[in-house]
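Understanding the architecture of this molecule
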Amino acid sequence: MLKKLSIILVLLFSSSGLFSQVKVGGYVVDDNKEAIPFANVIFKGSTKGTVTDENGKFYLQSDIYYKQLEVSFMGFQTEIIDLKSNNFNLTITLKEDSGTLQEVQLYSGRIKSKGNPAVSILKKIWAKKRQNGLYLYDKFEYDKYEKIEFQLNNVDEKLKSSRVFNGMKFIFDQIDTSAITGKSYLPIFINESVYNVYGKNTIPKKLNEKLIANKNSGFTDNQGLITFIKQLYVDYDIYDSYLKFFDKSFASPLSKLGPQVYNYVLTDTAYIDNKLCYNILFYPRRKNELTFKGDFWVNDTTYAVKEIQMHATKSANINWVKEIYIEQEFDVVNDSVFLLKRDHFMSDFSLNKKDETKGVYGKRTTLYDNHIFNLKRPDEFYKLDIEEKEDIFHREEDFWVENRQEKLSKDEVGIYEMLDTLQTVRRFKELTSVSEILTSGYWQVAPGFDWGPLYSTIGLNEIEGFKLRLGGRTYFSKADMWRLKGYLAYGFKDHKFKYGIEGRWLVGKRNRLILSFGNRRDIEQMAVSLTTSNDVLDKSFASTSFFTRGDNTKLSNINITNAKVSIEPIKNIELRLGTTFKTLKSADHNLFNADYYDVNGDIQSVVKQSDVTMAIQYTPKRKPWGLGVDRGVSNHGRFPILYFSYSKGFKDIFNSNFDYHKFQFYYEQPFQIGLLGKSKAYIEIGKTVNPVPLLLLNVVPGNQTYAMSKRIFDLLNYYEFVTDQYASFHLEHNFNGRLFSKIPLLRKLQLREIVGVRGVIGSISDENIAINASDVIYTAPEKMYWEYHAGVGNIFKFLRIDYVMRGNYRNVPGVTKSTVKIGVGFYF
């Protein structure tokens, strides 16, 4: 009897909605059926709400049942909507409020800051702006749980019946609906990580995120995919002036520049965790800027944000991303301490921004717990770990049950089982193989062996003609302790084979001790870099010259053997020691000679040289990942690089010809300049002591192709400037469409403006000139040489065109004064 009563009660409660999930979506319009963007939509009697997008569209979902929906916007009467069983495709009409109509018309879409209570509260947030509570203590510790998910969205019957999914129809049993957008989605990837985080704020400051567990959903060895995923998400602080996502800087609604780019409306007050909070809605004043719409709840006494949700506006100039949604919750401990409790970030990757276009949701959910402050520990405890232990990736399920800070949803649990099954499906293996080829450039043709890089298979130059190159590498897993790489090439004009082979062995994981050895015989364009490397398998510039200006005959025949040891005693500081023996000569003496006079005054055409090189590279804030000899970097292009090397050339060792010293310094620094875009600067300085021939000097790199390449001077010919000491500077700035967004006809194209300048100065000694017997007349840029370029990027989302102009040295015979360069790339 009791069992039957329980069942009846459950049915009654379910029918009354107490255990029901409520979903509602539609449009908000005015009396003229015009969309009302940025209207506030909230479940009445709750703090759960959203803001309509630029088209007046909204979707809202809650696991708690609510009977009514409240919709409001300044200048209109608030509407209360009774919710029914079917709440999709609603059209909610707001009537104009005659009492405020005149005032709203006067604002013309902008809400004045003066006298605005929301802005008054915002000013108090600034006055009490504090760093995250963690940084108010000398030392802190906490547990961190991170979950990254990818989900295929807009799943419909047409997609289900596609031949792509033949043999995999069972995966559609996992379809669910997004609580943020209301779209159907299919989970395809999940990655979980658990960290113990230790930090100290005393000098020197340290932060050690110690990975103690990691779990993937079946793509464990898809190196390219995992690298791409890890690059997408970075840490951010909503109190900063700018929030950086996908290499773009979005204006934070909590920053002091907020009133310049956002409208603010005070909409409500409510108690959250027994603390009275204000609700402030915000939305952008202009289109096409990197801004958000959303709302936040702020405490009435501490003026610390308790909750915030933000949607990036669809008109924002960002590629391949249809939606960005951010949600954060804080524990406000007291007036001076607030702690981030939960951070949820979701992006919708898509080919375009149309609602019906299929895409992929990328989600990152991070939770923080068990904070401990000022626990005494020795400084060595905060040292960054270089080595990752193998058992991190093989934790038992009991560990995950205990250490997850929130339980997995039903579809998240199912994805592990589904992907385990998919690993046995041939069609799925084919699809994952294609994704790996596209992201890494390698194709697995046999267990443990990959063919590639595929993008280097064919080439063309005037010496070799059409060049076919077949290469490969050993690859058993991303954690391989050793790896062999090599290639065999053939030129159909010179009828000669070339090859290169290199082996690398990770001897010690703790300090990343790596031994490498290699040999390469090939034809190469040598004058394409000031800061040189002795790595055997550096890409040959000669093989990429399909479209060139001028002749492409100044190529060299190289035979280089290198042995090297590297070690990382401190995270992101790498020390290298290597020795090299190389034989260099021109590839075709009739077209280009690099001869020199030896000590007896005789002309020589071949350079034989042995040297030893010591180098140090420092990459602060770099975030490497992986256990093997090759590692990925999760924030590529977002950290500075400092490199210094010293090479000593030895005469008479293995018949070596010259005794010299070579010093090189390289510095690369990216800059994000708020809403004005991003810049990148390069500085290179070097000097070679004692006379050496042309092929060992510091040639200022020219670019006789029509393709763009960094750290190269686009209008210089090969070997136009030859130096033994030099200093060069490159600066480029991308406005990310900031200027074009002001022009109505260009705004929708989302083009991006790029400007830059390059300069180099250097000299060549009389001693080096005296031994020159080549057909290159040594000229050094003793007066700074300048190049300027301006371009338009994001053409069709992947194309860039620059106009480049010489600033001086314009009257030299045979030079190019200006040209057009083309670049192709994947950019957000």
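This text goes with the structure placed above it.
First, a word on what this report is: a plain description of the structure on this page.

What counts, and where the lines are drawn
- Residues numbered from 1 in each chain as written.
- Predicted model: local features only at pLDDT ≥ 70, side-chain atom pairs only at ≥ 80, totals over all residues.
- Heavy atoms only, no water.
- Helix = DSSP H or I, 4+ residues; strand = E, 2+ residues; numbered from the N terminus.
- Polar contact = N/O pair within 3.5 Å; in protein donor to acceptor, adjacent residues only side chain to side chain.
- Contact = heavy atoms within 4.5 Å.
- Core = buried A, V, L, I, M, F, W, Y, C linked by side-chain atoms within 4.5 Å.
- Buried < 20%, exposed > 50% of the residue type's maximum accessible area, 1.4 Å probe, protein only.
- Pairing = 2+ DSSP bridges.
- Axes fitted to C-alpha atoms, helices over the stretch in contact; angles between N-to-C directions.
- Arc of directions from axis to C-beta.

1. Points about the side chain of Thr531
- Mapped onto the elements of the fold, Thr531 is located in the loop between strand S27 (513-524) and strand S28 (556-570).
- In terms of polar contacts, Thr531 uses its side chain to reach the side chain of Glu684, at 2.6 Å.
- Excluding its chain neighbours within four sequence positions, the residues that come into contact with Thr531 are Tyr643, Gln664, Phe665, Tyr666, Glu684, Arg711 and Tyr726.

2. Focus: the nonpolar core
- Ranked by size, the top nonpolar core spans 58 residues in total, and within it Ile238, Phe245, Phe246, Phe250, Phe292, Phe296 and Ile324 carry the most contacts.
- Setting aside chain neighbours within four positions, we find Phe250 in contact with Ser241, Tyr242, Leu243, Phe245, Leu290, Thr291, Phe292, Ala312, Ala316, Ile318, Ile324 and Leu675.
- If you look at the next biggest cluster of nonpolar residues, it comprises 26 residues, including Ile558, Ile560, Phe592 and Ile771.

3. What to know about the sheet that holds strand S4 (residues 57-62)
- In space, the three strands of this open sheet follow the order S4-S1-S7, with mixed pairing throughout. Lying at the two open borders of the sheet, with one neighbouring strand each, are S4 and strand S7 (90-93). Ignoring which end each strand starts from, the neighbouring axes of this sheet average 35° apart.
- Where strand S1 (residues 22-29) meets S7, four bridges bridge the pair, whose relative direction is parallel. Across the sheet, the residue bridging to Val29 is Thr93, located in S7.

4. What to know about the sheet that holds strand S2 (residues 40-43)
- If you trace the four strands from one edge of the open sheet to the other, you get S3-S2-S5-S6, paired in antiparallel fashion. Since the sheet does not close on itself, it has two edges, and those belong to strand S3 (49-51) and strand S6 (79-82), each with one partner. This sheet shows a mean twist of 20° between the axes of neighbouring strands, independent of strand direction.
- Two elements, S2 and strand S5 (residues 68-72), share four bridges in a ladder whose sense is antiparallel. Note that in S5 the partner of Val41 across the bridge is Val71.

5. Some remarks on helix H3 (residues 117-127)
- Within H3, the full set of buried residues consists of Ala118, Val119, Ile121, Leu122, Ile125 and Trp126. Down the axis of H3, the sector holding all buried residues measures 155°, keeping them to one side.
- Buried residues along H3 sit against helix H6 (258-261), strand S14 (262-272), strand S15 (275-284) and strand S16 (292-299).
- The N-cap of H3, judged by a side-chain oxygen 2.9 Å from the amide nitrogen of Ala118 a few residues on, is Asn116.

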